[in-house]
Amino acid sequence: MTADIRLATAADVPAVKAVTDAAYRPYIERIGVVPVPMEADHAAEVAAGRVYVTGNPVVGVLVLVPHEDHLFLDSIAVHPEAAGQGVGRRLLTFVDERARELGLPEIRLYTNAMMWENQKIYPRYGYEMVERRVEGPYDRYHYRKSL
């Protein structure tokens with residue numbers, strides 16, 4: 001089911017940026033700041049082996065950061081033209097699989113409080129909201145999922 005998700009290569013960096021920007025751009029006006037994933041150093045993240053992509057052309061992007069006790073889902077992006085096609089579901093399933101492969105018992109993520117769509121999505125996939133925290137200009141809901 002998630003076999004079409006692969007580790008990104010340097011050749012994918014422009015697509016990673018394009019999909020991330022397309023997915024997060026609509027939130028700029030709503031939250032009043034540029035979402036952090038849009039300002040990420042995509043080339044460095046790819047080089048570090050943290051970025052996974054799906055589609056040809058790329059329509060979905062994950063940035064995963066393993067920690068000692070959890071897998072941090074730093075970013076998930078689906079190109080708006082691929083919305084409603086199950087890409088996000090496949091990406092979230094892959095996150096679970098990757099955490100299990102790494103022997104990590106938990107996945108953590110956060111989302112901006114103004115991205116209310118995400119507050120409906122993550123609980124459907126087993127994530128529980130653990131706290132709301134303001135960090136600089138970012139008002140975030142922090143979630144976790146035990147595996």
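Just so it is clear, the model here is predicted, and its values are computed rather than measured. (Residues numbered from 1 in each chain as written. Predicted model: local features only at pLDDT ≥ 70, side-chain atom pairs only at ≥ 80, totals over all residues. Heavy atoms only, no water.)

Undergrad: Is there a simple way to explain unusual backbone geometry in this structure?
TA: Excluding glycine, residues mostly carry a negative phi; peptide bonds, for their part, are mostly trans. The omega torsion across N56 and P57 is 10°, close enough to zero to call that bond cis. In this fold, P57 is placed in the loop between β2 (51-54) and β3 (60-66). (Helix = DSSP H or I, 4+ residues; strand = E, 2+ residues; numbered from the N terminus.)

Undergrad: I would appreciate a short explanation of the nonpolar core in the present structure.
TA: Of all hydrophobic cores here, the largest spans 22 residues; its most connected members are L62, L64, L73, I76, V95, Y122 and Y127. At the level of elements, β3, β4 (71-78), α4 (87-101), β5 (106-112) and β7 (138-146) are the ones that each hand at least two residues to this core. Residue contributions to this core peak at six residues, all from α4. The residues touching L62, leaving out its near neighbours within four places in the chain, are R50, V51, Y52, L73, S75, I76, L91, F94 and V95. Of all hydrophobic cores here, the second largest spans 17 residues; its members include V16, V19, V58 and M115. (Core = buried A, V, L, I, M, F, W, Y, C linked by side-chain atoms within 4.5 Å. Buried < 20%, exposed > 50% of the residue type's maximum accessible area, 1.4 Å probe, protein only. Contact = heavy atoms within 4.5 Å.)

Undergrad: Please clarify how α4 should be interpreted in this entry.
TA: Turn by turn, an α-helix covers 3.6 residues, leaving residues three or four places apart pointing in a common direction. For α4, with 15 residues, the first-to-last C-alpha span of 21 Å sits near the 21 Å given by 1.5 Å per residue. Listed as buried for α4 are V87, R90, L91, L92, F94, V95, D96 and A99. With its phi angle positive at about 70°, G103 sits one or two positions after the end of α4. (Expected span 1.5 Å × (residues − 1).)

Undergrad: Which parts of the structure should I look at to understand the sheet that holds strand β6 (residues 128-135)?
TA: Pairing between sheet strands relies on hydrogen bonds along the backbone, with the strands arranged either parallel or antiparallel. Here seven strands make up an open sheet; going across it, the order is β1-β2-β3-β4-β5-β7-β6 and the pairing mixed. Because the sheet does not close on itself, it has two edges, and the strands there are β1 (5-7) and β6. With direction set aside, neighbouring strand axes in the sheet form an average angle of 30°. Note that β4 and β5 share two bridges and pair parallel. From the neighbouring strand, F72 faces β5, where its bridge partner is R108. Across the face of the sheet, helix α1 (residues 13-24) comes into contact with β2, β3 and β4 while running at roughly 80° to β4. (Pairing = 2+ DSSP bridges. Axes fitted to C-alpha atoms, helices over the stretch in contact; angles between N-to-C directions.)

Undergrad: Please clarify how the pairing of β7 should be interpreted in this entry.
TA: Side-chain positions along a regular strand alternate between the two faces of the sheet. Relative to β7, β5 runs antiparallel, the two sharing seven bridges. Residue pairing across strands places E106 opposite S146, the latter belonging to β7. Here β6 pairs with β7 via seven bridges, running antiparallel. For R133, the partnering residue across the bridge sits in β7 and is R140. What sits between the antiparallel neighbours β6 and β7 is a turn of two residues, in which G136 has the positive phi angle 60°.

In short, geometric facts, not functional conclusions.
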